[in-house]
Amino acid sequence: MATETSANDGGTNDTGRAGLRSNAKWYVLSYPLAWLVAIFLVPLGMLVVFSFWVNVPGGQYEIGFTLENYVRFLTSRLYLGQLWLTVEISLVTAAISLLLGYPMAYYLARMERPWLRSVLLITIISSLWITYVIRAYAWQVILASRGILSSIGVTIGLLAEHQSFYPGYWGLITGMVYVFLPFMILTLYSSIRNIDGELLEASKNLGAGPAKTFRRVTLPLSKNGIASGTALVFILALGAYVMPRLLGSSAQRTLPVLIEQQIMSESNYPFGAAMSIGLIAVVLAFLWVLVRFTNVTAASLGGSDEIVADDEDDGEEDPSNSESAGIAARLWRGSTAAAASIGLTRALGRIASAGNSLVTTVDSKTRESILWVAFRLYVAAVVAFIAAPLGIIVAVSFTPEQFLTFPPGGFSLQWYVEFFTDPSWLIALINSLSIAASAALLSTTIGGTLAFALDRFDYRWSTLIGTLGVLPILVPPVIIGVAFLVFFLQIGVAGSQLSIIVAHGIFYAPFPFILISQGLGEIDRTYEEAAMNLGAGSVRTIRTITYPLLRANVISGALFAFILSLNEYIIAWLLSLFLVDTIPIQIFNQLRYSYPPTIAAASVVFIGLTVVVMTAIERLSGGIWE
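Since we're looking at a predicted model, the values are computed, not measured.

Participant: Describe the overall build of the protein, with residues and values.
Facilitator: Of the regular secondary structure elements, the protein holds 27 helices and four strands. Counting over 626 residues, the protein shows a buried share of 56%. Sequence-distant contacts in the protein: of pairs separated by 6 or more residues, those separated by 24 or more amount to 76%. Roughly 25,700 Å² of accessible area belongs to the protein as shown, and the carbon and sulfur atoms make up 62% of that amount.

Here it is as structure tokens:
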């Protein structure tokens, strides 16, 4: 990012690749920093201050300084128990996601048909961006009494009578794995795909079979991907709210659920703030362990530094350079590397070794054929696990009956008619679209301007600024919601669309930031230099040369922010104060009190929007997943 000197523009000395004036570097940087410091770090700072205020019974609080909130949190068996339960559920979710996700990622990385790989990746990624509320609802349909799982159990004789598998611990774990498995697959896929194919071919030429090659070559070289995916899922699961709220029983009320209850039900803002700081402390402690006991550097937490590989990993490329699944890999690069600490890498090695010993009596060609058939069957099962719940929602939406039933007793469009004619659903839809569009615009301007500033100019604290650019997405959304709620209550804009737009705009700014940074790094700047040599000024060069070259990255970043804002629930719910309805809020409220098939129709509309947007990103980016 060294500053470069270009041709003069109107007699003024210019710097930067596009010939921007030297003092413009501070003008450009001031816009994103104003949002990220004043409207992001300040609310987090206020959350810390607020946690020391005094709660007054009756939903009031007053300025003061007390440790009572922290004493209550740290000495209560209830809250400490739920904190440990939150950590336990997150660890179990991460471990199961790794065991399920690695074979899928390996198969995708080694697949020789690009079109099929693209279809599978789009399926996985499209499910990733569908709101947690819809996915929780899908698993309610599957796990309910007389639901699909119960009906199958009765039919084949495993169950004597119908029973419900939720709310409960393993029903919650199933839903959590379903939600976060795509993150694991994408991270592992990026790592495995970057392994030099010549190393695998060399292993094969030296007589190693598929299982031995996997154990001695692929597995060690994908160690960073295993660590990154495991820790990524752990951090995301730690801040999950919707799944524990809808699939967990009263015994599985995780810390995010308890925080929301303190804020929205008890109106105890200081104690809710103290609990939020406690959850942040867990995340920070986890990240400290990564930095202290792994090869992750502090600078890499912001995505600006590479993970230093061990000697045994000399043949492994940096996973962040992958052009596939770039979002998950680049965003979480370096902030996650803890799988080795819980022995998961060693466990996978033992499984591979056992598999190798079992098939040594079979010739290599037969062995390879058996393995690939098993892989295909496994991939089909994982894809069914990801896609089937959404397919069930689509089927239920066409039922002619008054209650949610599967399989549907017929075919009817009445619930779609009700969705598009009911004023409450239409208002929620309009609110969702307007909030998402505005938040996408804000996210893109923040992330894009920051990416441009860091790429074109040299700043003394560029690493710190880059870390700030990805920091919002590292904070659990329930804490973002509480922090912004405290902030907006003080300035009087809570309970408005504006508050949700600002929160979403900042929370999702890392996605445009990462995509546009990638695009800027790939631009051949000789085009810009040629334009300036022909007399174009800096603004005109950006408008006619730089932006057209970045258009796909800019639009893709905006669409990412749009679809994420469209499907987000907990931040919008906390900031709405019951005054603003979005589709996820409307669906969640219906799930709490009744189960009209209209929510299935609304879910299908949102699934359709998500698939359309993700396909548009794929087309505009020229194959971002490839």
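Participant: Describe the packing of helix α23 (residues 526–533) against helix α24 (residues 538–567), and please don't skip the residues or the numbers.
Facilitator: Between α23 and α24, whose axes approach to 10 Å, the crossing angle comes to 165°. Taken together, the axes of α23 and α24 are roughly antiparallel relative to one another. The two elements α23 and α24 cross, and the hand of that crossing is right-handed. Counting all contacts with α23, which are made through Tyr527, Glu528, Ala531 and Met532, the residues of α24 involved are Thr541, Ile545, Thr546 and Leu549. When its residues are assigned to classes, the contact of α23 with α24 shows five nonpolar, two polar and one charged.

Participant: Could you give an account of the packing of aromatic side chains, naming the residues involved and the relevant values?
Facilitator: Applying the stated rule across the entire model yields 26 aromatic pairs. With a centroid separation of 5.2 Å and an interplanar angle of 35°, the aromatic rings of Phe398 and Tyr416 are classed as tilted. Of the two residues, Phe398 is situated in the loop between α16 (364–396) and α17 (414–421) and Tyr416 in helix α17; the sequence distance between them amounts to 18 residues. Ring centres 6.2 Å apart and planes at 10° place the aromatic pair Tyr569 and Trp573 in the stacked group.

Participant: Tell me about the nonpolar core, residues and numbers included.
Facilitator: In this structure, Leu108, Phe180, Ile185, Tyr569 and Ile587 are the most contacted members of the largest nonpolar core, which totals 189 residues. A per-element tally of this core places helix α7 (residues 169–193) first, with 15 residues. Discounting residues that sit within four places of it in the chain, Tyr569 has contacts with Val133, Tyr241, Val242, Pro584, Ile585 and Phe588.

Participant: Lay out the side chain of Thr93 in plain terms, naming residues and giving numbers.
Facilitator: Structurally, Thr93 can be placed in helix α3 (residues 77–110). With near-sequence residues (within four places) excluded, Thr93 lies in contact with Ile173, Met176, Val177, Phe180, Val233 and Ala237.

Participant: Help me get a handle on the side chain of His504, residues and values and all.
Facilitator: With respect to the element layout, His504 can be found in helix α21 (residues 497–507). For His504, a relative accessible area of 1% puts it in the buried group. Within polar-contact distance, the side chain of His504 engages the side chain of Ser565 at 2.7 Å.

Participant: Describe a nonpolar patch on the surface, listing the residues and the values that go with them.
Facilitator: Residues Phe65, Leu67 and Val71 make up a contiguous nonpolar surface patch of about 330 Å² in total accessible area. With respect to the helices, strands and loops of the structure, Phe65 is situated in the loop between β4 (60–62) and α2 (68–75).

Cut-offs used in this document
- Residues numbered from 1 in each chain as written.
- Predicted model: local features only at pLDDT ≥ 70, side-chain atom pairs only at ≥ 80, totals over all residues.
- Heavy atoms only, no water.
- Helix = DSSP H or I, 4+ residues; strand = E, 2+ residues; numbered from the N terminus.
- Buried < 20%, exposed > 50% of the residue type's maximum accessible area, 1.4 Å probe, protein only.
- Contact = heavy atoms within 4.5 Å.
- Areas by Shrake-Rupley, 256 points an atom, 1.4 Å probe, with all protein chains shown as cover.
- Axes fitted to C-alpha atoms, helices over the stretch in contact; angles between N-to-C directions.
- Parallel < 35°, antiparallel > 145°, perpendicular 65-115°, else oblique.
- Left-handed = near helix turned anticlockwise from the far one by under 90°.
- Nonpolar A, V, L, I, M, F, W, Y, C, P; charged D, E, K, R; others polar.
- Phe/Tyr/Trp six-rings, centres within 6.5 Å; stacked < 30°, edge-to-face > 60°.
- Core = buried A, V, L, I, M, F, W, Y, C linked by side-chain atoms within 4.5 Å.
- Polar contact = N/O pair within 3.5 Å; in protein donor to acceptor, adjacent residues only side chain to side chain.
- Patch = residues over 30% accessible without salt bridge, like charges linked within 9 Å, V, L, I, M, F, W, Y side chains within 5 Å.
- Salt bridge = Lys/Arg side-chain N within 4 Å of Asp/Glu carboxyl O.

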